Amino acid sequence: MTADSIQTYFPSLSDLQKEQFEALYSLYVDWNVKINVISRKDIDNLYEHHVLHSLAIAKAISFRPDTRILDFGTGGGFPGIPLAILFPDCEFKLIDGTGKKIRVAQEVSQAINLQNCHPEHLRGEDEKGQYDFVVSRAVMPLPDLVKIVRKNITREQKNSLPNGLLCLKGGDLQAETKPFRNIVDITDISSFFHEEWFKHKYIIYLPL
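These lines cover the structure that appears in this document, whether it is placed above or below. (Residues numbered from 1 in each chain as written. Predicted model: local features only at pLDDT ≥ 70, side-chain atom pairs only at ≥ 80, totals over all residues. Heavy atoms only, no water.)

## Concerning the sheet that holds strand 3 (residues 117-121)
In spatial order, the strands read 3-2-1-4-5-7-6; together these seven strands make up an open sheet with mixed pairing. Only two strands of the sheet have a single neighbouring strand rather than two, namely strand 3 and strand 6 (185-188). On average, each strand axis in the sheet is tilted by 20 degrees relative to the strand beside it, whichever way the strands run. With five bridges connecting them, strand 2 (residues 91-96) and strand 3 associate as parallel partners. What sits directly across from Ile 95, in strand 3, is Glu 120. Docked against the sheet, helix 6 (residues 99-111) engages strand 2 and strand 3, running at close to 160 degrees with respect to strand 3. In the packing of helix 7 (residues 142-149) onto the sheet, the strands contacted are strand 1 (68-72), strand 4 (133-137), strand 5 (164-170) and strand 7 (201-207), and the crossing angle to strand 5 comes to about 155 degrees. (Pairing = 2+ DSSP bridges. Helix = DSSP H or I, 4+ residues; strand = E, 2+ residues; numbered from the N terminus. Axes fitted to C-alpha atoms, helices over the stretch in contact; angles between N-to-C directions. Contact = heavy atoms within 4.5 Å.)

Now the structure itself:
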């Protein structure tokens, strides 16, 4: 899969967004040699396994302008950087407890001049800001994540979905979603993207 494949699912990209997505491959290949943020075997699948996977969240919700989003445990910038490219009128803060990973996110976002993306070396427990949504990608079990981020969700509503948590996860989610079974919403990503890899990959939405 190449950067052009993103347009199959997101046909309204501007020229700038196309350029930014296009630039990601060489930037991540280059940085991955210095700081291993993506498995060496997986770097060739950057657009499918990392960029498009991150953008699955945009199929669950189209963030309205001025929405504030916290990417918890972003690693090298996923899902935050692809989402920040797609939603230039929203503000994204990307945090991770591992300094060298967040450096990659900082360098990549600067290289593509991503003005609405703010990566910071910070543990989730120490993040005090208020956000409309928290996004994450397989960082920790859902109950543990909810305990940490509940404090960061603002009460003021501005989107079609109530404020809360949007997680990308795979596999059997029964145990970790059980405490929230009355309110959790689980969407199969393969209902949006036809690539085989997205089978048994899910978006978990939890209003908080």
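Past the structure itself, the notes keep going.
## Description of the environment of Thr 2
Along the polypeptide, Thr 2 turns up in the segment before helix 1 (6-9). Assessed through its relative accessible area of 45%, Thr 2 is described here as partly exposed. Separated by 42 residues in sequence, Thr 2 and Asp 44 have C-alpha atoms that sit 9.4 Å apart. (Buried < 20%, exposed > 50% of the residue type's maximum accessible area, 1.4 Å probe, protein only.)

## Some details on helix 6
Helix length check: helix 6 (13 residues) gives 18 Å between terminal C-alpha atoms against 18 Å at 1.5 Å per residue, within 8%. Looking at the buried side of helix 6, the elements it contacts are helix 2 (15-34), helix 5 (80-86), strand 2 and strand 3. Backbone geometry just downstream of helix 6 places Asn 113 in the positive-phi region, at approximately 55 degrees. (Expected span 1.5 Å × (residues − 1).)

Worth remembering: the numbers are spatial, not functional.
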